[in-house]
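Next come the chains, spelled out residue by residue.
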Amino acid sequence: MSTESVERPSPARMYDYFLHGTNNYPVDRAAAEAVIGRVGQTLTRDVVWENRRFLGRVVRYLAAECGIRQFIDIGAGLPSQENTHQVAQRAVTAPRVIYVDNDPAVAEHGTRLLTAQERANTAILTADLRDPAAILDHPDTKALIDFSQPVAVLFIAVFHFVRDSEDPASIIRAFRDRMAPGSYLALSHLAVEGSPAEERALMEESYRNATAPMVYRSTTAIRQLFDGFILVPPGLVPTGRWRPDGTDATSTERMYAGVGRKP
């Protein structure tokens, strides 16, 4: 791991800390506690857990109801409970899963946690979503993912770390162009509408020295990221309201989420 990655807080490791994980460093814990001190638990642990439960519901829906057996989880973060492959394998036999994160710690820790059987159908790549070709053309992706068949691409709580100048729409388009009809895009994103201006400013300042910034977008801008996909019911909604199953007691409305199908 590079010295810079240890000396600067990482959103992935901060996310792990918010989930009460242990795969983080003092710099990450200090940055995460600073965020909690500034904006409170509602925007940190509550939103993070709500988002994590959304991931579980999405994967169950795609595997059990849509028959998806291939998943690319981009910006996956450090391993936690109820990871994509664990949820999917309860619904379908031998799902194939690619995890992607630009933090080398994700692959370092995640690979050790995979069983020998899971390694046959699961790979963890260190790559940046801003370079879609590095993910799509990676040998592990080519070995596990058949793009002639439907695939689910998951961007869970990751695009609010991508600047407008980095053209998030073009990133999604690169994946969409490879995806077969009947594929799905799942995405969650911090929204302007549910977040007071002062709160947004505090969050943006808190992530200023992290390895990635914090970028809020309007629900209109988030919806535009689904260009070329048809949103499935209930559409783009606060994360806790996307096909709720009783696991979310509240919906903070800070994060919006949706799932789109490629026709």
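Residues numbered from 1 in each chain as written. Predicted model: local features only at pLDDT ≥ 70, side-chain atom pairs only at ≥ 80, totals over all residues. Heavy atoms only, no water.

A. Representation of the overall build of the chain. Within the chain, the regular secondary structure consists of 12 helices and 8 strands. Counting only residues that meet the buried cut, the chain has 56% of its 263 residues in that class. Across the chain, the fraction of contacts at a sequence separation of at least 24, relative to all contacts at a separation of at least 6, is 73%. As presented, the chain carries roughly 11,100 Å² of accessible surface, and 49% of it is formed by carbon and sulfur atoms. (Helix = DSSP H or I, 4+ residues; strand = E, 2+ residues; numbered from the N terminus. Buried < 20%, exposed > 50% of the residue type's maximum accessible area, 1.4 Å probe, protein only. Contact = heavy atoms within 4.5 Å. Areas by Shrake-Rupley, 256 points an atom, 1.4 Å probe, with all protein chains shown as cover.)

B. Summary view of unusual backbone geometry. At the junction of Pro 233 and Pro 234, the peptide bond is cis and its omega measures out at 10° in the coordinates. On the secondary structure map, Pro 234 appears in the loop between β6 (230–231) and β7 (237–238). Despite not being glycine, Ala 94 shows a phi value in the positive range, around 50°. Looking at the element boundaries, Ala 94 is found in the loop between α5 (84–88) and β2 (96–101). In this structure Ala 94 comes out as partly exposed when scored by relative accessible area, which is 41%. Despite not being glycine, Ala 157 has its phi angle at roughly 55°, a positive value. Checked against the element boundaries, Ala 157 lands in the loop between β4 (152–156) and α10 (168–178).

C. View of the pattern of salt bridges. Applying the stated rule across the entire model yields 9 salt bridges. With a shortest N-O distance of 2.8 Å, Arg 130 and Asp 128 are connected by a salt bridge. Since its relative accessible area comes to 29%, Arg 130 is described here as partly exposed. The partner of Arg 130 in a salt bridge is Glu 166, and the shortest N-O contact between them spans 3.0 Å. In this pair, Arg 130 is assigned in the loop between β3 (122–126) and α8 (132–136) and Glu 166 in the loop between β4 and α10, connecting sequence segments 36 residues apart. Here the salt bridges share partners, and the residues they tie into one network are Asp 128, Arg 130, Arg 163 and Glu 166. (Salt bridge = Lys/Arg side-chain N within 4 Å of Asp/Glu carboxyl O.)

D. Local environment of the nonpolar core. Within the largest apolar cluster, 38 residues are counted, with the highest numbers of intra-cluster contacts made by Val 58, Leu 62, Phe 71, Leu 154, Trp 242 and Val 259. Of all the secondary-structure elements, those providing two or more residues to this core are α4 (42–65), α5, β2, α6 (104–113), β4, β5 (184–190) and β8 (255–261). Sorting elements by how many residues they give to this core places α4 first, with 8 residues. Beyond its immediate sequence surroundings of up to four residues, Phe 71 is in contact with Val 59, Leu 62, Ala 63, Thr 84, Ala 88, Arg 96, Val 97, Ile 98, Ile 145, Val 151, Ala 152 and Leu 154. Ile 72, Ile 74, Leu 144 and Phe 226 belong to the second-largest nonpolar core, a separate cluster that totals 32 residues. (Core = buried A, V, L, I, M, F, W, Y, C linked by side-chain atoms within 4.5 Å.)

E. Layout of the packing of aromatic side chains. Per the counting criterion, the structure on display carries 4 aromatic pairs. Taking 5.6 Å as the distance between ring centres and 80° as the angle between the ring planes, the aromatic pair formed by Tyr 61 and Trp 242 counts as edge-to-face. Taken together, the positions of Tyr 61 in helix α4 and Trp 242 in the loop between β7 and β8 put the pair 181 residues apart, joining distant regions of the chain. Each member of the pair Tyr 61 and Trp 242 is classed as buried. An aromatic cluster is built from Phe 54, Tyr 61 and Trp 242, whose rings are joined through pairwise contacts. (Phe/Tyr/Trp six-rings, centres within 6.5 Å; stacked < 30°, edge-to-face > 60°.)

F. Structural detail: the side chain of Arg 176. On the secondary structure map, Arg 176 appears in helix α10. Looking at Arg 176, its side chain comes within polar contact range of the main-chain oxygen of Asp 227, at 2.9 Å. The residues touching Arg 176, leaving out its near neighbours within four places in the chain, are Asp 227, Gly 228, Phe 229 and Lys 262. (Polar contact = N/O pair within 3.5 Å; in protein donor to acceptor, adjacent residues only side chain to side chain.)

G. Here's a closer look at the environment of Asp 16. Counting through the fold element by element, Asp 16 comes out in helix α2 (residues 11–18). By relative accessible area, which is 5% here, Asp 16 ends up buried.

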